[in-house]
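Okay, here's what each chain looks like letter by letter:
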Amino acid sequence: GIEIVTRGGNLLAVIGDWDSDVSHGLLCKSGRFRSIYDERRRITGPLLRRNGRLGPASWDEALQAVSDRIKQAEFKNMGILTSSEATNEAFYLLDELFAKELKVRNVGLLNAAVPDIPAKSKGLLKDIGASDMIIVAGADPVNNQPVAAFLIKRAVDKGVRLVVVNDTDNGLDPFAFTNLPLADMGKALELAARAENPVVLYGASITKQALAVMEKIGDKAAFIALEEGVNTRAAVAFGLNNGFDTADIKVLYLLAGEENIKDRQILERIDKDAFVTVQASFSSPLTDKADVVLPMAIWSERTGSLTNIEGRVQTVRKALEPKGEAKPDWEILSLLARKLGRKLGGSLEEVTARAAERLK
């Protein structure tokens, strides 16, 4: 939970909401300061490549160009990539428009997703403080889920034993009672068997072998999947991580959002003649190479909902108006759907209700 302080249309401060049921006011450094000190150049208007040069265009021109290329392409030659930094509403529309309506199968996330353990008890962040043993496996919450890391450190300060199971250096290593490689997950299982209320937090780096061993811990353990990214759990729920292959792509739609993807070599692995649309908030090497750029409002400029790692759907309310001609993530996809002759929700309320129904 957060509160935003604004003045004159500018973001001044991000403060933790101490009455929040989830985080109780805890914020990581990125959540508190990233937006205030972000020096990246905003994209404030649509851009369209004409005669090899990327220049300003109207929303109608940009969306028409994307629509025309999509209509000309076969679904097997289309690809969808998305950041996890988007709303439930945007993920719902991505799935409805591209996967269900256009039958696109080549869909992927920019960050890894955590495998699900359906038969296990889904834990809550508050279970960390009530546990007597914490196992962190295949995850580095210090870097990827700092709020969870804060809660783990608090528990350790109170005498709870921490077992870190990972094959690489981990930010929690100095706080651990013992450190084990993933191949020794069996030893972590033995330690958990002696505990009354163990909590297992696991991430995308966990191996299949370690996952199989971890499932044997038993029903007394609470399991928490530490997803990387902002809204990864919702993206996975909408099927947006079924694998992405750059081969045969002729039309790529990339929802980059606010993610800093300057170091990603995505376009180098795609046919140089492919038509690339990037829906983004900031300029990057990807937007520079795109055929169409659709300006997207940042998180503080849009209303919608997000799903946290507990599966709790939370409402986000905009505090600022979008810069220039930027639009919310869901609205851009809704407008594109109309250009393609599909009506997938005319209002935010309608799209939010449909997304919530799918997430039940």
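### Brief notes about the packing of helix H3 (residues 88–101) against helix H12 (residues 348–359)
Stage number 1. Look at H3 against H12: their axes get within 9 Å of each other, and the N-to-C directions meet at 80°. It follows from the interaxial angle that H3 and H12 lie roughly perpendicular. Along the contact surface, H3 presents Asn 88, Glu 89, Tyr 92, Leu 93, Asp 95, Glu 96 and Lys 100, while H12 presents Leu 348, Val 351, Thr 352, Arg 354, Ala 355, Arg 358 and Leu 359.
Stage number 2. For the contact of H3 with H12, the class distribution of residues is 6 nonpolar, 2 polar and 6 charged.

### So, helix H6 (residues 146–157)
Stage number 1. Here H6 contains 12 residues, and its C-alpha end-to-end distance of 16 Å stays within 8% of the 16 Å for a straight helix at 1.5 Å per residue.
Stage number 2. Pro 146, Val 147, Ala 148, Ala 149, Leu 151, Ile 152 and Ala 155 are the residues of H6 that are buried.
Stage number 3. Of the surrounding secondary structure, the elements contacted by the buried residues of H6 are helix H4 (126–129), strand S7 (133–137), helix H5 (141–144), strand S8 (161–165) and strand S10 (198–202).
Stage number 4. Two residues or fewer after H6 comes Gly 159, characterised by a positive phi angle close to 105°.

### Comments concerning the pairing of strand S15 (residues 304–307)
Stage number 1. Pairing of S15 with strand S16 (residues 313–316) involves 4 bridges; the strand directions are antiparallel. Note that in S16 the partner of Gly 304 across the bridge is Val 316.
Stage number 2. Following S15, the chain reverses through 5 residues before pairing antiparallel with S16; Gly 311 in that reversal takes a positive phi of roughly 90°.

### Details of the sheet that holds strand S4 (residues 53–56)
Stage number 1. The 7 strands are arranged S4-S3-S14-S13-S12-S5-S6 in an open sheet whose pairing can be described as mixed. Two strands bound the open sheet, and with one partner strand each, they are S4 and strand S6 (106–109). Geometrically, the sheet is characterised by an average inter-axis angle of 15° between neighbouring strands, direction not taken into account.
Stage number 2. Each of strand S3 (47–50), strand S5 (78–82), strand S12 (251–257), strand S13 (275–280) and strand S14 (292–295) is contacted by helix H2 (residues 59–72), which is oriented at about 130° to S14, the strand it contacts most.

### With respect to the packing of aromatic side chains
Stage number 1. Applying the stated criterion across every chain, the model contains 3 aromatic pairs.
Stage number 2. Between Tyr 92 and Phe 238, the aromatic rings sit 6.2 Å apart at their centres with planes inclined by 65°, giving edge-to-face as the arrangement. Note that Tyr 92 is positioned in helix H3 and Phe 238 in the loop between helix H9 (232–237) and S12, a separation of 146 residues in sequence.
Stage number 3. When its relative accessible area of 6% is taken as the criterion, Tyr 92 is described as buried.
Stage number 4. On the numbers, 5.3 Å between centres and 40° between planes, the contact of Phe 98 with Tyr 253 is tilted.

### Considering the pattern of salt bridges
Stage number 1. Throughout the structure, instances matching the rule amount to 21 salt bridges.
Stage number 2. Here Arg 42 and Glu 301 are joined by a salt bridge, their closest N and O atoms 3.1 Å apart. Pair noted here: Arg 42 is in the loop between helix H1 (29–37) and S3 and Glu 301 is in the loop between S14 and S15, with a separation of 259 residues, a long-range link.
Stage number 3. Taking the relative accessible area as the measure of exposure, Arg 42 reaches 18% and is therefore buried.
Stage number 4. Given a relative accessible area of 2%, Glu 301 falls into the buried group.
Stage number 5. Lys 318 is the salt-bridge partner of Glu 321, the closest N and O atoms lying 3.1 Å from each other.

### Here we look at the sheet that holds strand S11 (residues 222–225)
Whenever strands of a sheet pair, they do so through backbone hydrogen bonds, lying parallel or antiparallel.
Stage number 1. Strands sit in the order S9-S8-S7-S10-S11 across an open sheet of 5 strands; the sheet is parallel. Strands at the two margins of the open sheet, each flanked by one partner only, are strand S9 (178–180) and S11. With direction set aside, neighbouring strand axes in the sheet form an average angle of 15°.
Stage number 2. Sheet topology places S10 next to S11; 4 bridges connect them, and they run parallel. Within the sheet, the bridge partner assigned to Leu 201 lies in S11 and is Ile 224.

### Section: the packing of H3 against helix H11 (residues 329–339)
Stage number 1. Where H3 contacts H11, the axes come no closer than 8 Å and their chain directions differ by 20°. Judged by the angle between their axes, H3 and H11 are roughly parallel. For the crossing formed where H3 meets H11, the hand is left-handed. For the pair formed by H3 and H11, the contact residues are Glu 89, Ala 90, Leu 93, Leu 94, Leu 97 and Phe 98 on the first element and Asp 329, Trp 330, Leu 333, Ser 334, Leu 336 and Ala 337 on the second.
Stage number 2. Per-class residue counts for the contact of H3 with H11 are 9 nonpolar, 1 polar and 2 charged.

Criteria and cut-off values
- The numbers attached to residues start from 1 for each chain and follow its sequence in the written order.
- A pLDDT threshold of at least 70 governs which residues receive local features in this predicted model, and a stricter bar of 80 or more applies before side-chain atom pairs are shown or counted, although totals over entire chains, interfaces and linings include all residues.
- Excluded from the side-chain calculation are hydrogens and water; included are all heavy atoms of the structure.
- Every axis corresponds to a line fitted to the C-alpha atoms, with the helix fit spanning only the stretch in contact, and the corresponding angles, defined between N-to-C directions, vary from 0 to 180 degrees.
- In DSSP terms, a helix is any run of H or I states spanning at least four residues, a strand is any run of E spanning at least two, and both are numbered starting from the N terminus.
- Oblique is the label for any angle not under 35 degrees, not over 145, and not in the 65 to 115 range, which are roughly parallel, roughly antiparallel and roughly perpendicular in turn.
- A contact between two residues is defined here by any heavy atoms of the two lying within 4.5 Å.
- Throughout, the ten residues Ala, Val, Leu, Ile, Met, Phe, Trp, Tyr, Cys and Pro are labelled nonpolar, Asp, Glu, Lys and Arg are labelled charged, and all others, Gly among them, are labelled polar.
- Here the expected length of a helix is defined as 1.5 Å per residue gap, with one fewer gap than residues.
- Per-residue accessibility, obtained with a 1.4 Å probe over protein chains only, is compared with the maximum for each type, and a residue is labelled buried under 20%, exposed over 50%, and partly exposed between these values.
- One requirement defines pairing of two strands: DSSP has to find at least two bridges between them.
- Stacked, tilted and edge-to-face pairs are distinguished by plane angle, under 30 degrees for stacked and over 60 for edge-to-face with tilted covering the rest, among Phe, Tyr and Trp rings (Trp via its six-membered ring) whose centres lie within 6.5 Å.
- For salt bridges, the criterion is a side-chain nitrogen of Lys or Arg within 4 Å of an Asp or Glu carboxyl oxygen.
- By the definition used in this description, the sense in which the near helix is turned from the far one sets the handedness, with an anticlockwise turn below a right angle giving left-handed and a clockwise turn giving right-handed.

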